[in-house]
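Results of the structural survey
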Amino acid sequence: MQNPNKNQDHLKILKKLEINPELTQRKLSKELGFSLGKLNYCLRELKKKGLIKIKNFKKNKNKFNYFYVLTPRGITQKTKLTINFMKRTMIEYDQLFEKTKKVNDDLGIGHNSKNFPDHDKNDVHENTERTKPLFKTIELNIKRRTVIVNDVISTFKNKPIPSWIELSIIDACNRDCSFCPKSDPKIAPNSYQRMNMTIINKICRELEEISYKGSVVLCGYGEPMLHKDINLICKKLSEVSFVEVVTNGDPLNPKRIKDLYNNNVNKLLVSMYDGEHQIKKFKKMAKDADVPDDFVILRDRWYDEKKDYGLKLTNRTGTINIGDQEEVGKFKKCFYPSYQFLIDWNGDVFLCPQDWQRRITMGNVMQEHIFEIWDSKIMNKYRKNLIYGKRSDSPCTLCNAEGTVLGIKHAKAWSKIYSN
């Protein structure tokens with residue numbers, strides 16, 4: 001039988017070394033509160049198990065200075081130890097999840113491919129009851145996002161990885177709000193194209209591979225509740241991330257709310273556009289669904305142009321000019337590409353949800369690994385320019401979004417990499 005205390009010591013060491021492999025034994029022992037003797041014993045055990053490699057710094061005479069490299073087996077073991085620890089303590093929220101079944105499909109699907117098979121359709125089944133604890137956090141929208149975006153910075157191959165990924169799982173909406181590009185069919189027509197489970201499965205596998213710890217939000221360029229596989233998508237994504245669904249509320253009823261909850265959605269955000277009377281309507285709906293009070297978040301969006309419709313208006317990169325908006329050029333820096341991106345229904349990756357005309361594609365998740373797109377030449381070009389206040393490339397030249405509300409820690413981490 002494994003010793004929980006011993007496993008916890010190993011987990012602490014592996015987590016520290018993954019963040020900073022150049023820690024000296026003396027500094028590492030101090031940060032962990034271990035004696036040098038205990039630390040040395042643990043390091044020898046980890047090396048014996050093949051979880052780390054220990055290398056001397058070149059030309060270093062100090063016997064306590066080493067370079068520690070987590071092996072692939074060590075990374076896997078750290079994941080398993082973390083899962084076991086989180087299961088025992090049930091604190092905060094799940095940061096990593098159990099290894100999911102690997103599915104070997106390498107379909108080469110190009111940009112804007114519309115007809116491809118649902119090979120993995122039967123691999124995912126809806127939950128009949130919730131299998132994850134509900135993520136508790138502050139209900140205010142910006143503070144809720146701050147918990148995920150600014151407090152969770154993870155790395156892969158020594159590069160900061162995103163903490164907020166938006167999926168546009170269907171290109172259709174049942175409404176045509178005046179402040180949304182969907183109100184103009186010449187700009188954003190309803191194509192009714194939907195994201196396939198093949199793409200969802202590949203995204204999940206690759207997020208797991210980079211130990212993703214952030215949120216996946218279903219929103220994007222359409223109304224996600226119109227996707228007939230919404231529950232399967234949420235259930236699958238919940239195995240590797242937090243899941244949020246943003247909806248206008250029209251397709252909701254108590255059963256659909258309960259289904260989302262059972263399939264491990266963390267938050268259901270309802271944007272109410274019709275009036276204050278909707279508060280009572282959706283509160284009753286949530287009560288009838290028998291879900292926790294903080295599962296459904298109601299957002300008032302029924303105001304007129306004088307109050308900016310109850311939201312932070314942007315021109316969606318030169319697409320919308322309604323309301324009292326900021327002038328293009330007022331905001332220089334933007335941290336969007338430092339911490340997040342958007343994946344369209346067909347796997348195309350875009351800088352952010354502001355680019356409603358889909359002008360510049362960063363890549364396609366069915367053609368490349370998600371981390372390769374995140375760390376690609378074009379993504380780094382945009383990211384670096386925007387961090388340093390250069391909105392010099394389309395569609396950023398037309399954008400009036402502030403872009404620095406979130407992601408400052410990610411931007412600083414990337415800035416350090418670029419400065420080196």
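See above for the structure.
Every chain is numbered on its own, with residues counted from 1 as its sequence reads. Since the coordinates come from a predicted model, pLDDT governs what is reported: local features require at least 70, and pairs of side-chain atoms require 80 or more to be given and counted, while whole-chain, interface and lining totals use all residues. Where side-chain values are given, they derive from all heavy atoms of the structure, hydrogens and water being excluded.

Secondary structure is summarised from DSSP: a helix means a run of H or I of at least four residues, a strand means a run of E of at least two, and numbering begins at the N terminus for each. In terms of helices and strands, the protein carries 13 helices and 12 strands. The classification of residues rests on relative accessible area computed with a 1.4 Å probe and restricted to protein chains. Under 20% of the type maximum is buried, over 50% is exposed, and intermediate values are partly exposed. Out of the 420 residues in the protein, the part that is buried amounts to 54%. Contacts were defined at the residue level, with two residues in contact if any of their heavy atoms lie within 4.5 Å. Pairs at least 24 residues apart make up 71% of the contacts formed inside the protein by residues separated by at least 6 positions. By element, 49% of the accessible surface of the protein is carried by carbon and sulfur atoms, the whole surface being about 20,500 Å². Only the protein chains shown count as cover for residues, with accessible areas throughout obtained via the Shrake-Rupley method and a probe of 1.4 Å.

Looking now at the pairing of strand β6 (residues 215-218). Burial along β6 is two-sided: Ser215 and Val217 and Val216 and Leu218, pointing in opposite directions, are all buried. As defined by bridge partners, strand β5 (residues 164-167) adjoins β6 across 4 bridges and the pair is classed as parallel. Residue pairing for β6: Ile165 is matched across the bridge by Val216. As paired elements, β6 and strand β7 (residues 242-247) share 4 bridges and run parallel to each other. Two strands pair under a simple rule: DSSP has to find at least two bridges between them.

So, on to the sheet that holds β6. Through backbone hydrogen bonds, the strands of a sheet pair up, either in parallel or in antiparallel fashion. Read across the sheet, 8 strands follow the order β9-β8-β7-β6-β5-β10-β11-β12 without closing on themselves; strand pairing throughout is mixed. The sheet terminates laterally at β9 (296-300) and β12 (363-364), the two strands that pair on one side only.

This brings us to the packing of helix α2 (residues 25-32) against helix α3 (residues 36-48). Axis angles are defined between N-to-C directions and span 0 to 180 degrees, where every axis is a line fitted to C-alpha atoms and, for a helix, only to the segment in contact. For the pair α2 and α3, interaxial distance at closest approach is 9 Å and the crossing angle is 105 degrees. Here α2 is positioned roughly perpendicular relative to α3, judged by the angle of their axes. Of the residues in α3, those in contact with Gln25, Arg26, Leu28, Ser29 and Leu32 of α2 are Leu36, Leu39, Asn40 and Leu43. The residue classification treats Ala, Val, Leu, Ile, Met, Phe, Trp, Tyr, Cys and Pro as nonpolar and Asp, Glu, Lys and Arg as charged. All others, Gly included, are polar. Looking at side-chain class alone, the contact of α2 with α3 contains 5 nonpolar, 3 polar and 1 charged residues. These descriptions rest on fixed angle ranges, namely under 35 degrees for roughly parallel, over 145 for roughly antiparallel, 65 to 115 for roughly perpendicular, and the rest for oblique.

In a pair of packed helices, the angle between the axes and the distance between the axes together describe the arrangement. Their axes nearest at 10 Å, the elements helix α6 (residues 197-209) and helix α7 (residues 230-237) cross at an angle of 10 degrees. In terms of orientation, α6 lies roughly parallel with respect to α7. For the pair α6 and α7, the crossing hand works out as right-handed. In contact with Met197, Ile200, Asn201 and Cys204 of α6, α7 contributes Leu232, Ile233, Lys236 and Leu237. Helix crossings fall into two classes, left-handed where the near helix is turned counterclockwise from the far one by less than a right angle and right-handed where it is turned clockwise.

As a further point, take α7. Judged by how many residues are buried, α7 sits mostly within the fold: 8 of 8 residues are covered. Where α7 is concerned, the buried positions are Ile230, Asn231, Leu232, Ile233, Cys234, Lys235, Lys236 and Leu237. Taken together, the buried residues of α7 touch β5, α6, β6, β7 and α8 (254-262).

Any Lys or Arg side-chain nitrogen found within 4 Å of a carboxyl oxygen on Asp or Glu counts as a salt bridge. As enumerated under the stated definition, the model contains 14 salt bridges in all. Lys267 is paired through a salt bridge with Asp294; the nearest N and O atoms lie 3.9 Å apart. With Lys267 in strand β8 (residues 267-272) and Asp294 in the loop between α9 (277-289) and β9, this pair connects stretches of sequence that are 27 residues apart. Across the pair, exposure class does not vary: Lys267 and Asp294 are buried alike. For Asp288, the salt bridge identified is with Lys284, shortest N-O distance 2.9 Å. In this pair, Asp288 and Lys284 both sit in helix α9, 4 residues apart, roughly one turn of the helix. If you follow the salt bridges from partner to partner, you end up with Asp171, Asp344 and Arg358 in one network.

Turning our eyes to something else, we now look at the side chain of Asn364. Positionally, Asn364 belongs in strand β12. Here the side chain of Asn364 touches Met366 through a polar contact of 2.8 Å, landing on its backbone nitrogen. Between N or O atoms, a polar contact is any pair within 3.5 Å; within protein, one atom must be a potential hydrogen donor and the other a potential acceptor, and residues adjacent in sequence are included only when both atoms are from side chains.

Now for the packing of aromatic side chains. Here is the rule: rings of Phe, Tyr and Trp (six-membered ring for Trp) pair when centre to centre is within 6.5 Å. Planes less than 30 degrees apart are stacked, more than 60 are edge-to-face, and the remainder are tilted. This model, assessed by the stated rule, comprises 7 aromatic pairs. Ring geometry for Tyr221 and Phe350: centres 6.5 Å apart, planes at 70 degrees, overall edge-to-face. Of this pair, Tyr221 sits in the loop between β6 and α7 while Phe350 sits in strand β11 (residues 348-350); the two residues are 129 residues apart in sequence, bridging distant segments of the chain. The pair formed by Tyr221 and Phe350 is uniform in burial state, with each residue classed as buried. Taking the centre distance of 5.2 Å and the plane angle of 80 degrees together, the rings of Tyr261 and Phe295 count as edge-to-face. Taken as a pair, Tyr261 in helix α8 and Phe295 in the loop between α9 and β9 lie far apart in primary sequence, 34 residues in all. Take Phe295: its relative accessible area is 0%, and that puts it in the buried class.

Let's shift gears to the pairing of strand β10 (residues 340-343). Residues Gln340 and Leu342 point to one face of β10 and Phe341 and Ile343 to the other, with burial holding for every one of them. Across 4 bridges, the pairing between β5 and β10 is parallel. Its bridge partner lying in β10, Trp164 is registered against Gln340. Relative to β11, β10 is paired through 2 bridges, and the arrangement is antiparallel. Paired with Leu342 across the strands is Phe350, a residue of β11. Between the antiparallel neighbours β10 and β11 lie 4 residues, among them Gly347 with a positive phi of about 100 degrees.

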